[in-house]
Structures are given as structure tokens and as C-alpha cells.
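So you can see what is in the structure, the chains are spelled out below.
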Amino acid sequence: QCPWGAPNTTSISCSLADVMSEQLAKELQLEEENAAFPEVVAAAEGPFITGEDIDTSSDLMLAQMLQMEFDREYDAQLRREEKKINGDSKVSISFENYRKVHPYDSDSSEDEVDWQDTRHDPYRADKPTTTPRKGFIGKGKDITTKHDEVVCGRKNTARMENFAPEFQVGDGIGMDLKLSNQVFNALKQHAYSEERRSARLHEKKEHSTAEKAVDPKTRLLLYKMVNAGMLETITGCISTGKESVVFHAYGGKSAAEDKVIPPECAIKVFKTTLNEFKNRDKYIKDDYRFKDRFSKLNPRKIIRMWAEKEMHNLTRMQHAGIPCPQVVILKKHVLVMSFIGQDQVPAPKLKDVTLNSEDMKKAYYQILNMMQQLYKECNLVHADLSEYNMLWHDGKVWLIDVSQSVEPTHPHGLEFLFRDCRNVSQFFQKGGVAEALNERELFNAVSGLTITADNEVDFQAEIEALEKMNEDHVQNHGKKLSMFSSDGDPPICDE
Ligand code: ADP
Ligand code: MN
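Everything numeric in this text was worked out from a predicted model, so none of it was measured. (Residues numbered from 1 in each chain as written. Chains lettered and ligands numbered in written order. Predicted model: local features only at pLDDT ≥ 70, side-chain atom pairs only at ≥ 80, totals over all residues. Heavy atoms only, no water.)

Draft legend 1. Quick peek at the pattern of salt bridges. Applying the stated criterion across every chain yields a total of seven salt bridges. A salt bridge links Arg316 to Glu407; its shortest N-O distance comes to 2.9 Å. Here Arg316, found in helix H8 (residues 299–319), pairs with Glu407, found in the loop between strand S11 (396–399) and helix H10 (413–430); they are 91 residues apart in sequence, far enough to count as distant. Considered together, Arg316 and Glu407 belong to a single accessibility category, that of buried residues. The structure contains a network of salt bridges with shared partners spanning Lys268, Glu310 and Asp401. (Salt bridge = Lys/Arg side-chain N within 4 Å of Asp/Glu carboxyl O. Helix = DSSP H or I, 4+ residues; strand = E, 2+ residues; numbered from the N terminus. Buried < 20%, exposed > 50% of the residue type's maximum accessible area, 1.4 Å probe, protein only.)

And the structure:
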């Protein structure tokens, strides 16, 4: 004999209709929840692209990833067949043209990627879908219409369950409560407005986190780089700024044999909202290199232009031998470059290191030298030079963040240079470098100009006068030739 007695085998009778309506209620609830809480695309934190452990919360992305996986398998099979057919034969047949995955560079990506798009989330249903209801149940003389008060009241009570989950309906659902249509409708109205309110709040929260990391399309772009083998792993985020997010990654193998991908890379993802783009457009709008193109561009193209500009400027600096990140690849608004630092630890900014007086002095002279090289050999003014954009690595200073750099003949180029000089000379004078030139001396030393004004205001005025002269000159003698094609920059990898 079992001490707990015989198990109760009588099954609880339950009609199909009950099950169905329970299911329907669940479905409806789910639908409403989905409408109120669109799928959250988790912000990327820590390692998020390793080839397996990636975010799969969007169907589009999932589908694209699967397709890529499939293509790779297809190619692997193709390679095996190619090998089998050719064997040791001296003459071989190439299956190259039948491959699905092509080297990353040739991938002409179809989709636009930009940050404005995050305002419209393609995975969110625009409004909750309504299920058509017949308005009556039963057959023949047993028909009950939705106007039957008791049934209707109970139904209304039950339907409160479909309100958003955080909407407090009390515990009336368990009781035999009959809500009149009027009350129910009033409640429903209230529930929906609450729901919209919380959806709005939710949206705000979601978008602020999404902006900190990257949007799904950018992630797909990064995933493609990993998938193509160009990057080994993207380990995590180094910096999230107003205008960019920077990630660390371990380099992989390049499709092109002559190109070596550095063991560690920094990935700079440009994200510029409309507002910031307005603040910054003076750098690009007046840059004659971009003049022809600027007017025709939409914001997302301009974001890409920042990335493009950084690439060109870094390349010029590289040619002049200035310590700076080396460009690996540019893809839309994503720039991959060599990582300054080691073992995932980025080199500290000059503002964050404490250098002994000897190193400080060394750093100063190096920067003086770099500024001159930048001006004379690269024909560039950094335009955001400060202890924030200089890294201390391997016993020397490295320049970074040159997307806003302009040529000295830019309508505000000399003003930018003067500001750079002020930052540099203040930093080193405060840092105890007695030899540090003051901002005006530094300006002359870098530009080779001989502005004699001995106070800031007059100096500035002379700078502006020079800029004006240069502008008039450009106006009268036509636009300068674009240097884009002649300065040996790498090709832009899309479009
Ligand atoms: P922002 O426009 O956001 O200031 P930066 O290019 O200055 O963009 O990059 C932000 C931060 O990311 C830098 O201060 C630096 O710490 C880090 N960083 C950027 N590029 C590299 C790189 N190539 N190697 C190491 N760290 C980098
Ligand atoms: Mn910076």
C-alpha cells in the first residue's frame, strides 16, 4: 500500500472551447505585449561578435547571417570538388566564379546604414493588429450576440486581461464580475493611453542605449567583417563618444595577399545625429575637397564622409611618417585601423598619463615636430588637437581622431590651427615644460607665417584677415584642383 494513497486519476473535464478561448486570450495578450514592447535589440556590451555568440533578435539579421553561413559552407564544398577534379594535374580548372562569398572588398553592400534609421524600428508593428470578431457565438436559437448583458459583462471582464501587463486591473478577473460596455470602454481607453505612454518611455530608453552601442545594421556590417575572416573577434567597446563608438578587435586574415591586417585593430563607427552634424558641418562644408559633393548629400552620406575623411587624413599622415593608426579598411561609416595599445588595453591619452619631466619635454618637441609635418607635408591642420586626442604609446605620442582635420587653406583653417596651438602650448606650459612656446610663437613656428601681433586679439584678427584674403583669392582664381586623386589615398571601398 502506498502511504500517500492512490493517485487521483480523474481528469478534470475541460471543454475544447475553454482551451481555445484560453489560447486565444494568450495570443491576444502576446500580440498586445508585442505591440507595446517592440523587440529590444540589446545594446552591445562586452564581447558580442565572436561568430557564434551574436545577437539574433532580429529576423532580418538572423536570415542574413544564416545565408552567409550557408554560402560559406557552399564554398567549402566547392573548394573540395575543385581540388578533387584538379588533383595533381598541371592544368587546373578554377571554380572561383561559382563561389558565393567574395572577398570582403568587392562586396557592394546594398543597404544603407545610418543612425537616423534607428528612429524607425523596422521590427516594430505600427499598430496592434485587430482580430476580426464575428460578434456572436452559437447556432440557431442558441445564438448569443455580443449584446447579451451577462455574457458580455463577463467577457469584458475577461478581456481586461488583454490590457498591457503593467496596467493594474485589480483582481476582478478571478471574480464573476460583469463590466458594462461603457465601463469597459472607458477602462480600455485608459489602458491604451497608458500603454502608449509606456511605449514612448520604453522607446526613449531603448534608443538611448542603442545609440551608445551600434544599430543592427552596423552590427551586421561588423559581423560581415568577422565572417569574411578579416577580423578574428570583436572584443568590446573602448570608447563611446558623441560622434563615434570605438571597438577593439583582433585582426584576421586579409583577402588580398599583399595586405597584412594588424594583430589588433580599432574599429571606429561614426554616428552623427542630425544635430551634431549641424555643429560640425563647418569643417566639411567649407572644405573645397568636398565642396562639389556636399550639396548633393543627405545626412547619412555625410556621416560616411567623416569616415572617409579620417581615412584620407590618416593615410596622408602615414605617408609623412607621423605616428598614427594605420588604415585597414573603410566600409561605409565604419573605419578599421590599427590599434594603438596592447592586449586590448588602449594607450592612455596624454591627459591621463603622468610623464616625468624628461618625457614631457620629449613629448613636447615631438608634437611640435608633428604639427609642422602635418602642416607642411600633409597639408593638414588637425583642428581638434589636444591632450585628449594624443595617445602615449611606446615612449612616443600618437595622433588620432583626424576626421575633422582640414587643409590650411580651409576658410577657417588658420583659426583651427591657432586653437590647436593654444591647447598644446597651454598643456605643456602647465605641465612644466619651460621651453614650450606660447600659442602665438607656436602658430608661427608651425605655419611658417610671421604674424607679429603680441596679443591674442590682434593675432586672431590678423589670422582672420589672412583667411579672408585667401578666400578672395580662391573666389577670383577659381576653385583649386582636388587633391583627392593625387595623394595616393587608398580606394574607397563602397560605391
Ligand atoms: P571621438 O571623435 O569619439 O573623440 P576618437 O577617434 O578620439 O573619437 O576615439 C575615441 C577614443 O577611442 C580615443 O580617445 C581613444 O581612447 C580610443 N581610440 C580611438 N582610436 C584608437 C586606436 N586606433 N587605438 C587605440 N585606441 C583608440
Ligand atoms: Mn577624440
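Draft legend 2. Main features of the packing of H10 against helix H12 (residues 456–477). Axis separation between H10 and H12 bottoms out at 8 Å; the angle between their running directions is 150 degrees. Taken together, H10 and H12 sit at an angle that is classed as roughly antiparallel. Contacts between H10 and H12 pair Gly413, Leu414, Glu415, Phe418 and Arg422 from the former with Glu456, Phe459, Gln460, Ile463, Glu464, Leu466 and Glu467 from the latter. Here the contact of H10 with H12 is composed, by residue class, of five nonpolar, two polar and five charged. (Axes fitted to C-alpha atoms, helices over the stretch in contact; angles between N-to-C directions. Parallel < 35°, antiparallel > 145°, perpendicular 65-115°, else oblique. Contact = heavy atoms within 4.5 Å. Nonpolar A, V, L, I, M, F, W, Y, C, P; charged D, E, K, R; others polar.)

Draft legend 3. The nonpolar core, seen in detail. Core analysis: the biggest nonpolar cluster contains 57 residues, and Leu350, Ile367, Met371, Phe428 and Phe443 have the highest contact counts within it. The element best represented in this core is helix H9 (residues 357–376), accounting for nine residues. Both domain 2 (213–346) and domain 3 (348–478) contribute no fewer than three residues apiece to this core. If we skip the residues at most four places from it in the chain, Ile367 touches Leu350, Met390, Val397, Val424 and Phe428. Counting 19 residues, the second-largest nonpolar core is a separate cluster that includes Leu221, Val245, Ala249 and Ile267. (Core = buried A, V, L, I, M, F, W, Y, C linked by side-chain atoms within 4.5 Å. Domains from an automatic or database assignment.)

Draft legend 4. Spotlight on helix H2 (residues 59–86). Here H2 is 28 residues long and its end C-alpha atoms lie 40 Å apart, about the 40 Å a rise of 1.5 Å per residue gives. Taken as a whole, H2 has its buried residues at Met61, Met65, Met68, Asp71, Asp75, Leu78 and Asn86. Of the surrounding elements, those touching the buried residues of H2 are helix H5 (216–227). Gly87 occupies a position one or two residues after H2 and carries a positive phi of about 50 degrees. (Expected span 1.5 Å × (residues − 1).)

Draft legend 5. Structural detail: the pairing of S11. Examined bridge by bridge, strand S10 (residues 390–393) and S11 share four bridges and lie antiparallel to one another. Residue Trp392 lies in a different strand from S11, and its bridge partner there is Val397. The antiparallel pairing of S10 with S11 creates a hairpin that spans two residues between the two strands, and Asp394 there sits at a positive phi of about 55 degrees. (Pairing = 2+ DSSP bridges.)

Draft legend 6. Quick look at the site of ligand 1. The full set close to ligand 1 counts 15 residues, and Ser244, Lys268, Ile340, Lys349 and Asp401 are the nearest of them. Lys349 places a polar side-chain atom, nitrogen or oxygen, 3.4 Å from an oxygen atom of ligand 1. For ligand 1, whose free accessible area comes to 540 Å², the fraction covered by protein is 90%. The set of elements that each furnish at least two residues to the shell around ligand 1 consists of strand S4 (244–251), strand S5 (264–270) and strand S7 (334–338). Broken down by class, the residue content of the shell around ligand 1 amounts to eight nonpolar, four polar and three charged. Looking at which domains feed residues into the shell around ligand 1, each of domain 2 (213–346) and domain 3 (348–478) gives three or more. (Near = heavy atom within 4 Å. Polar contact = N/O pair within 3.5 Å; in protein donor to acceptor, adjacent residues only side chain to side chain. Areas by Shrake-Rupley, 256 points an atom, 1.4 Å probe, with all protein chains shown as cover.)

Draft legend 7. Focus on the packing of aromatic side chains. Applying the stated criterion to the full structure yields six aromatic pairs. Aromatic side chains Phe427 and Phe428 sit 5.0 Å apart centroid to centroid with 90 degrees between the ring planes, which places their arrangement in the edge-to-face category. Just as Phe427 is buried, Phe428 falls in that class too. An aromatic cluster of at least three residues, connected via ring pairs, comprises Tyr364, Tyr365, Phe427 and Phe428. (Phe/Tyr/Trp six-rings, centres within 6.5 Å; stacked < 30°, edge-to-face > 60°.)

Draft legend 8. The sheet that holds S5, seen in detail. Spatial ordering of the open sheet is given by S3-S4-S5-S7-S6, a layout of five strands whose pairing is antiparallel. What marks the edges here is a single partner per strand, and that holds for strand S3 (231–240) and strand S6 (327–331). Direction aside, the axes of adjacent strands within the sheet are offset by 20 degrees on average. Pairing analysis gives five bridges linking S5 to S7, with the strands arranged antiparallel. The residue of S7 that forms the bridge with Ala266 is Met337. Seen against the sheet, H8 touches S5, S6 and S7 and runs at an angle of roughly 160 degrees to S6.

Draft legend 9. Focus on the coordination of the manganese ion (ligand 2). Here the manganese ion (ligand 2) is held by the protein donor atoms Asn389 (OD1) and Asp401 (OD), which lie 2.2 to 2.3 Å from it. Of the two residues, Asn389 is situated in the loop between H9 and S10 and Asp401 in the loop between S11 and H10; the sequence distance between them amounts to twelve residues. An identical accessibility class is assigned to Asn389 and Asp401; each is buried. (Donors = N, O, S within 2.8 Å, 3.2 Å for Na, K, Ca; no water.)

Draft legend 10. Representation of the pairing of S6 in the model. Extensive coverage of S6 is indicated by the burial of five of its five residues. Summarising the sheet, S6 and S7 pair through four bridges and their orientation is antiparallel. Considered in S7, the bridge of Ile329 is made with Val336. Once S6 ends, the chain turns through two residues before running back antiparallel as S7, passing Lys332 with a positive phi of about 55 degrees.

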